[in-house]
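# Structural description and commentary
Take a look at the letters that make up each chain.
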Amino acid sequence: MSCAYDAESGLFTIHTQNSTYQMVADEHRYLLHLYYGARTEGDLRYLVTYADRSGMCASPHDVQDRTYSLDVLPQEYAFQGGGDMRSPLLVVRDAHGTFGCDLRYVRHEIRDGKYALKGLPAVYSDTEDDGAQTLSITLTDARLGLEVELLYGVLPKLDIITRAAIIKNAGAEKIVIKRAQTACLDMVHGTFDAITFCGRHAMERRPSRRHVGHGSLSVGSRRGMSSNQYNPLMILCDRDATETSGRAWSMSFVYSGGFLAEIEMDQFDQVRMQMGLTDEQFSYPLKPGEQLIAPEVILTYSNAGLERISHNLHRCMRKHVCRGPWRDRPRPILINSWEAAYFDFNGDSLARLADKAAELGIEMLVMDDGWFGERKDDLRALGDWTVNEQKLGGPLRQLADYVNSVGLKFGIWVEPEMVSEDSDLFRAHPDWALSIPGKDPVLGRDQLVLDMSRKDVRDNLFEQLCGILDQANIEYVKWDYNRSIVDVYSRLAEDQGRVLYDYVLGLYDLLERIIQRYPTLLIEGCSAGGGRFDAGMLYYTPQIWTSDNTDAHDRMTIQYGTSFGYPCSSMGAHVSACPNEINGREVPLSCRGTVAMAGGGFGYELDLLELPERACEIIKGQVKRYHEIEHLVREGLYYRLSSPLTDAIAAWGYVAEDGSEALVSAVVMNVEGYGVANYVVPRGLTRGALYHEEYSDTVYAADAIMDMGIPLPVGSAPYMSRMYHFVRIDG
Ligand code: GLA
């Protein structure tokens, strides 16, 4: 059993294979956090110190003890109003405008299986026998009639603990939730670094590592999406933690809208890490009987460095967040029309692209933006999901059938949540766009955002999308979202403070309806590339377009950063034209292939018809190679063998869970003068074993190459790349 309660002491203990989490409902019925660390037994209450620190640390009235203050004690669900002046998870305002609550433990329940959340994505347990459990602890505030159900989901074999909170108004008067974060982790001592993942459009998720000092360090998004700028993943680690050593804790938000992740060091050098909904433009009214769910946060712990954090998260995201048949299947190698032709295509040119792709072994043609309504550029027609048959030279089915007839699957691009002012949809329903009456709306890419909190809007989109998907054999959809939300006003909402949250639930509702209706459809998430690369989207879309930046050099850094929290199987990665259209960099086709093959959504995004014969031969070789190694990219354990941001070579690897096979890729990033040899040093191979390297037909001893590595050719040019496919020699 993973979860246990001891009635005498009030201790709640959660065990996973390698970690233990403990809290206590103490004699005052406050829920204190005690420990989240290496697996251990016993009562850990001794970790908490009680002392009369200062009259400045308030004590609850009924406790009458100056050594007891919530301002000092480690909290499990920090709320505003009990004297804890650190950053709270929960802030409530009552019907009279007064802030403050007082949450105490009343009951709990332990049950088998992992909880689900109504209307929200959540980690799920896959099989009956994986030992998953749920611990539910209810706290109440008697004055407000407020009930907070804290949910803990445990996947013991994966070292994953999830948290969510259901905030209910069980009282007689309306209350307003001003802030509803999901989880905090209070550390009573330690010297830490914080790692966050920051960037911008076309340069997402660069790791940013900072010392944790006094005050608060936070990242988040107020954009209505998780954002290209900051990812909802945060790691706290020992100051000297490396890939393979030291303690680390991570939080990942299973939510695709605005968020806040914060690390605060308090007056006594204690550290609080927390994550949840942003409180900006948030003010959620609850009438008696209503509830609000604070979305799920995934926690994991490692005492073996950052690599294990990633392994735990990858296993969890791959098999317990991603769903549907494509979760476990090789994804089709695709050719996408965007960087091949932008808006400049027609049915004929796509047919020629499909012919060429078929010749090269590519498996799917994706018709990107520009196929619907009057969409000849990005100024118009979003919202008008009708096929431009004139441009395609006939019905959609004709094109899809042709593409199928040459042996390729067929997919399309959509951006359902958006509307152009110049569109029939907007002309008919201007009130369906989020915009503030009397204020000129702010445009992003010349488009407005549809009010996804409205069911009538979602129904219309569902009908329009089905109208397209039913027309032809469409096996893939790229679901895009290309701007931030600025004007938050829904014509139907009683309170505008709930709109951003209800928007995200509306998005999930529409995605779920599409998935239920088309269970075998592969959906790739996209948001100006990687603007919604989060666990929430992965629940609906098992792959996400990692970034609009397809330059192999920049992509290595983007994929490196992304790999801390997300499995390679979820990363869309394409080979594009050279020089790169975003930054003008020139990288050889072989290296572009090596880098794109690092993702589970491999493909091409360039005009194949313009390629010289030699390039076509290289592409045929890459397609063949991808088939040989794709199972390792999709299911192998991932190793960051160097940093493309700082090291002379970028190297990464994948090892089958049973150690029988591995793939290692390396790219020369930086060259200097004569002579320094660069070595690729794999990890994760079976100690004592010999491996056959398939491409060079060489036998290596695992211990030797994991110790001293394999040299790359001395004097290699920048972007020289190598792949090594190791197969263990058994018996
Ligand atoms: C976004 C996507 C691109 C492409 C364009 C089409 O920018 O990230 O891949 O689909 O939209 O307009």
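Scoring rules and cut-offs
Residues numbered from 1 in each chain as written. Predicted model: local features only at pLDDT ≥ 70, side-chain atom pairs only at ≥ 80, totals over all residues. Heavy atoms only, no water. Domains from an automatic or database assignment. Pairing = 2+ DSSP bridges. Helix = DSSP H or I, 4+ residues; strand = E, 2+ residues; numbered from the N terminus. Axes fitted to C-alpha atoms, helices over the stretch in contact; angles between N-to-C directions. Contact = heavy atoms within 4.5 Å. Salt bridge = Lys/Arg side-chain N within 4 Å of Asp/Glu carboxyl O. Buried < 20%, exposed > 50% of the residue type's maximum accessible area, 1.4 Å probe, protein only. Near = heavy atom within 4 Å. Polar contact = N/O pair within 3.5 Å; in protein donor to acceptor, adjacent residues only side chain to side chain. Areas by Shrake-Rupley, 256 points an atom, 1.4 Å probe, with all protein chains shown as cover. Nonpolar A, V, L, I, M, F, W, Y, C, P; charged D, E, K, R; others polar. Phe/Tyr/Trp six-rings, centres within 6.5 Å; stacked < 30°, edge-to-face > 60°. Parallel < 35°, antiparallel > 145°, perpendicular 65-115°, else oblique. Left-handed = near helix turned anticlockwise from the far one by under 90°. Core = buried A, V, L, I, M, F, W, Y, C linked by side-chain atoms within 4.5 Å. Expected span 1.5 Å × (residues − 1).

## What to know about the domain arrangement of the protein
Considered domain by domain, the protein is made up of domain 1 (3-320), domain 2 (332-355 + 363-545) and domain 3 (649-728). Each of domain 2 and domain 3 was reduced to a C-alpha centroid, and the two centroids are 42 Å apart.

## A closer look at the sheet that holds strand 27 (residues 543-545)
In any sheet, the strands associate via hydrogen bonds between backbone groups, in a parallel or an antiparallel arrangement. An order of 20-21-22-25-26-27-28-29 is seen for the 8 strands of this closed barrel, with the pairing classed as parallel. Going from strand to strand, the sheet's axes swing by 30 degrees on average, the running direction of each strand aside. Of the strand pairs in this sheet, strand 20 (residues 334-336) and strand 21 (residues 364-367) are connected by 3 bridges, and their pairing is parallel. Across the sheet, the residue bridging to Ile 335 is Leu 365, located in strand 21. Running over the sheet, helix 3 (residues 347-360) touches strand 20 and strand 21 and is turned about 155 degrees from strand 21. Helix-sheet contacts for helix 5 (residues 396-405) involve strand 21 and strand 22 (409-414), and the interaxial angle to strand 22 is about 135 degrees.

## Quick notes on the pattern of salt bridges
Counted by the stated rule, this structure contains 59 salt bridges. Notably, a salt bridge pairs Asp 186 with Arg 272, separated by 2.7 Å at the nearest N-O pair. Taken together, the residues span a long stretch of sequence, with Asp 186 in strand 10 (residues 175-187) and Arg 272 in strand 17 (residues 271-277) at a distance of 86 residues. Side by side, Asp 186 and Arg 272 carry an identical accessibility label, which is buried. Measuring nitrogen to oxygen at the nearest pair gives 3.3 Å for the salt bridge that ties Lys 620 to Glu 617. Of the two residues, Lys 620 and Glu 617 are both situated in helix 12 (residues 613-635); the distance of 3 residues between them amounts to about one turn of the helix. It is possible to trace a salt-bridge network through shared partners that takes in Asp 84, Arg 86, Asp 186, Asp 266 and Arg 272.

## Some thoughts on the site of the ligand
Near the ligand, the surroundings consist of 13 residues, among which Asp 368, Asp 369, Arg 445, Lys 478 and Asp 548 are the closest. Between the ligand and Gly 529 there is a distance of 3.0 Å, counted from an oxygen atom to a backbone nitrogen or oxygen. In the complex, the protein chains occlude 96% of the 300 Å² of accessible area that the ligand would expose alone. Here the residues of the shell around the ligand are counted per class, giving 5 nonpolar, 2 polar and 6 charged.

## So, the packing of aromatic side chains
What the rule picks out here adds up to 32 aromatic pairs. Ring centres of Tyr 284 and Tyr 501 lie 5.4 Å apart, and the angle between their planes is 80 degrees; on these two criteria the pair is classed as edge-to-face. With a gap of 217 residues between them, Tyr 284 in strand 18 (residues 284-286) and Tyr 501 in helix 8 (residues 499-517) connect regions that are remote in the sequence. Since its relative accessible area comes to 5%, Tyr 284 is described here as buried. Between Phe 372 and Trp 385 the ring centres are 4.3 Å apart and the planes differ by 40 degrees, which places this aromatic pair in the tilted class. You can see Phe 372 sitting in the loop between strand 21 and helix 4 (389-392) and its partner Trp 385 sitting in the loop between strand 21 and helix 4, a full 13 residues away along the chain. Given the relative accessible area of 0%, Phe 372 is considered buried.

## Notes on unusual backbone geometry
Here Cys 578 and Pro 579 are connected by a cis peptide whose omega angle stands at -5 degrees. Of note, Pro 579 is situated in the loop between strand 28 (571-576) and helix 11 (589-596). Even without glycine at this site, Asp 159 takes up a positive phi of about 55 degrees. Although it is not a glycine, Asp 697 adopts a positive phi angle of roughly 50 degrees. One can find Asp 697 in the loop between strand 34 (690-693) and strand 35 (698-701). Overall, Asp 697 belongs to the exposed group, its relative accessible area being 59%.

## Some details on the packing of helix 7 (residues 455-469) against helix 8
It is the contact of helix 7 with helix 8, at a shortest axis distance of 10 Å, that shows an interaxial angle of 30 degrees. Classified by the angle between their axes, helix 7 and helix 8 sit roughly parallel to one another. With respect to the hand of their crossing, helix 7 and helix 8 are arranged in right-handed fashion. Taken together, the residues of helix 8 that come into contact with helix 7 (itself represented by Arg 458, Asp 459, Leu 461, Phe 462, Leu 465, Cys 466 and Leu 469) are Gly 506, Asp 509, Leu 510, Arg 513, Ile 514 and Arg 517. Of the residues that constitute the contact of helix 7 with helix 8, the class distribution is 7 nonpolar, 1 polar and 5 charged.

## Brief notes about the sheet that holds strand 11 (residues 192-200)
Taken in spatial order, the 9 strands make up an open sheet running 6-7-8-9-19-15-14-11-12, and their pairing is antiparallel. A strand with exactly one partner marks an edge of an open sheet, and here the two such strands are strand 6 (104-112) and strand 12 (203-211). The average undirected angle you get between the axes of adjacent strands in this sheet is 20 degrees.

## Regarding the nonpolar core
Leu 90 and Ile 177 are the most contacted members of the largest nonpolar core, which totals 215 residues. Top contributing element to this core by residue count: helix 8, with 10 residues. Residues in contact with Leu 90, not counting those within four places in the same chain, are Tyr 77, Ala 78, Phe 79, Gln 80, Cys 101, Leu 103, Leu 146, Val 148, Ile 167, Ile 177 and Arg 179. Formed by 23 residues, the second largest nonpolar core is a distinct cluster that contains Ala 651, Val 655, Val 668 and Leu 685.

## Quick notes on helix 7
Three or four residues apart is the spacing at which side chains of an α-helix point the same way, because the helix has 3.6 residues per turn. Here helix 7 spans 20 Å end to end across 15 residues, near enough to the 21 Å set by a 1.5 Å rise per residue. Those residues of helix 7 not exposed but buried are Val 457, Arg 458, Leu 461, Phe 462, Gln 464, Leu 465, Cys 466, Ile 468 and Leu 469. Buried residues along helix 7 sit in contact with helix 5, strand 22, helix 6 (424-428), strand 25 (476-479) and helix 8.

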